[in-house]
Amino acid sequence: MKRTSKYLLGGALITVVLVTLSADIFIRNFVILPRFLALEKGDAETNVLRAADSILREANNMLESSSDWALWDDTYNFLHDRNQEYVSSNLVWQSLHSSGVEMVYICDLDGNVVAGTSRKIGTETSFDPAPFREDQLPPELVEKLRLNQKPGGGLLRTESGSVIIGSNLILTSSETGPPRGFLVMGKFLDENQIVALGETVRVPFQLMPLDYPGPKGTDLSMLDATKEQDPLLVYKSETRWEAFTVFYDMAGEPAHLIQASGVRSLAALGQHVANVISAMIFITVLVLTGTALVLLLYSTRHADRVEAQVAERTEQLAESNSRLEDAMQLAQGAAQAAERANKAKSL
């Protein structure tokens, strides 16, 4: 192979390698991985919102439980006659705990606590967390619980922790009035309850205080800005993610940060897909380059053989031509000698 051909071949190989590497980097970093990271971000945001929805679903369940009591003639009459038989026959903790209820308060329309107390499941001691400890609830809380004459559920913060509550106006069994008060039912959102909710939605999560600093290098204070924002996703490490969102109480005020976490399985899958595609690209280029090299070497060797054969035939022809010229010169010399001999005889 000539030196020029070797240079051209080497340059072509270098060009193929550079183009292949550039294509691999572009496909990996600008096509495959960004799509999987976007999927991972959406999945993390969905999970932290599912965690928040699990609390809201519990509030709706508590709302249904409270409506059974609030829309009942016995409760409606109790606010009129205050008979203690209603209290002794209905505020039975064994029955309430079996329904997941840890708080029951019956109040008149002015927020005066007529009956009720709180007792956590697994304990034998009743207590009244503030603000239910007072004879009359604060006016702003009364307004939240009455919810402009509409039933509602949500999160209520007390000194004993956050409570998932359902609140209903007290009406007759036929849902007629006028309303005589409102009934509040709830259960404390403690660590065990959070774990149980996380298992239900298959998203482990925690409730954090609003001033929780978050992972190093993040600013969670921006989550307080608006209710219309997306959850904040933080990559805690190369293998795990954390997502945060704000959970609001019944008054629409920020109550907690919800922190959900999970394994970066989609990112790992993206890396795997990118590696497979990279391998396919390199194998394809290697096969094509090898095939091109084989064809090039074959054609080069064939050209060399043809060139050698032409040179050999040319040399043979040159040699034959030289011999022919020598023979012609000998023949010419012989002819000249014969001519001189003939002339000598004639004299």
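Residues numbered from 1 in each chain as written. Predicted model: local features only at pLDDT ≥ 70, side-chain atom pairs only at ≥ 80, totals over all residues. Heavy atoms only, no water.

A. Structural view of the overall build of the protein. When you go through the protein residue by residue, the secondary structure sums to seven helices and nine strands. Here the protein holds 347 residues, and 36% of them are scored as buried. In the protein, of all internal contacts separated by at least 6 residues, the share reaching a separation of at least 24 is 61%. With the model as given, the accessible surface of the protein reaches about 21000 Å², and the carbon-plus-sulfur share is 56%. (Helix = DSSP H or I, 4+ residues; strand = E, 2+ residues; numbered from the N terminus. Buried < 20%, exposed > 50% of the residue type's maximum accessible area, 1.4 Å probe, protein only. Contact = heavy atoms within 4.5 Å. Areas by Shrake-Rupley, 256 points an atom, 1.4 Å probe, with all protein chains shown as cover.)

B. Summary view of the pairing of strand β5 (residues 181–188). Among the eight residues that make up β5, eight are buried, leaving the element largely enclosed by the rest of the structure. Residues of β5 alternate between two faces, with G181, L183, M185 and K187 on one and F182, V184, G186 and F188 on the opposite face, all of them buried. Judged from the six bridges that link them, strand β1 (residues 103–108) and β5 form a sheet pairing that is antiparallel. Looking across to β5, one finds that V104 is bridged to M185. (Pairing = 2+ DSSP bridges.)

C. View of the side chain of T117. For T117, the location among the structural elements is in strand β2 (residues 113–118). In this structure the side chain of T117 is engaged in a polar contact, spanning 3.2 Å, whose partner is the backbone oxygen of F127. Setting aside anything within four residues of it in sequence, one finds T117 in contact with W93, E102, M103, V104, Y105, S126, F127 and D128. (Polar contact = N/O pair within 3.5 Å; in protein donor to acceptor, adjacent residues only side chain to side chain.)

D. View of the packing of aromatic side chains. The final tally for this structure, using the stated rule, is five aromatic pairs. Between F78 and Y86, the ring centres sit 4.8 Å apart and the planes meet at 20°, which makes this aromatic pair stacked. Like Y86, F78 is buried. A centroid spacing of 4.3 Å and a plane angle of 10° characterise the contact between Y105 and F132, whose relative ring orientation is stacked. A residue pair is termed long-range when its members are at least 10 positions apart, and Y105 in strand β1 and F132 in the loop between β2 and α5 (139–146) qualify at 27 residues. F132 carries the same exposure label as Y105, and that label is buried. Here the aromatic residues W72, F78 and Y86 are joined through ring pairs into a cluster of three or more. Its guanidinium or amino end placed over the ring of F188, K120 lies 5.0 Å from that ring's centre, counting from NZ or CZ. (Phe/Tyr/Trp six-rings, centres within 6.5 Å; stacked < 30°, edge-to-face > 60°. Lys NZ or Arg CZ within 6 Å of the ring centre and 35° of its normal.)

E. Structural context of the pairing of strand β4 (residues 161–169). Among the nine residues that make up β4, eight are buried, leaving the element largely enclosed by the rest of the structure. With seven bridges joining them, β4 and β5 adopt antiparallel strand pairing. Bridge pairing in β5 links L169 to F182.

F. The arrangement of helix α2 (residues 73–81) in detail. Among the residues of α2, T75, Y76, F78 and L79 are the ones counted as buried. Viewed along the axis of α2, the buried residues span an arc of 155°, placing them on a single side of the element. Just downstream of α2, R82 is the residue with a positive phi angle, here 55°. (Arc of directions from axis to C-beta.)

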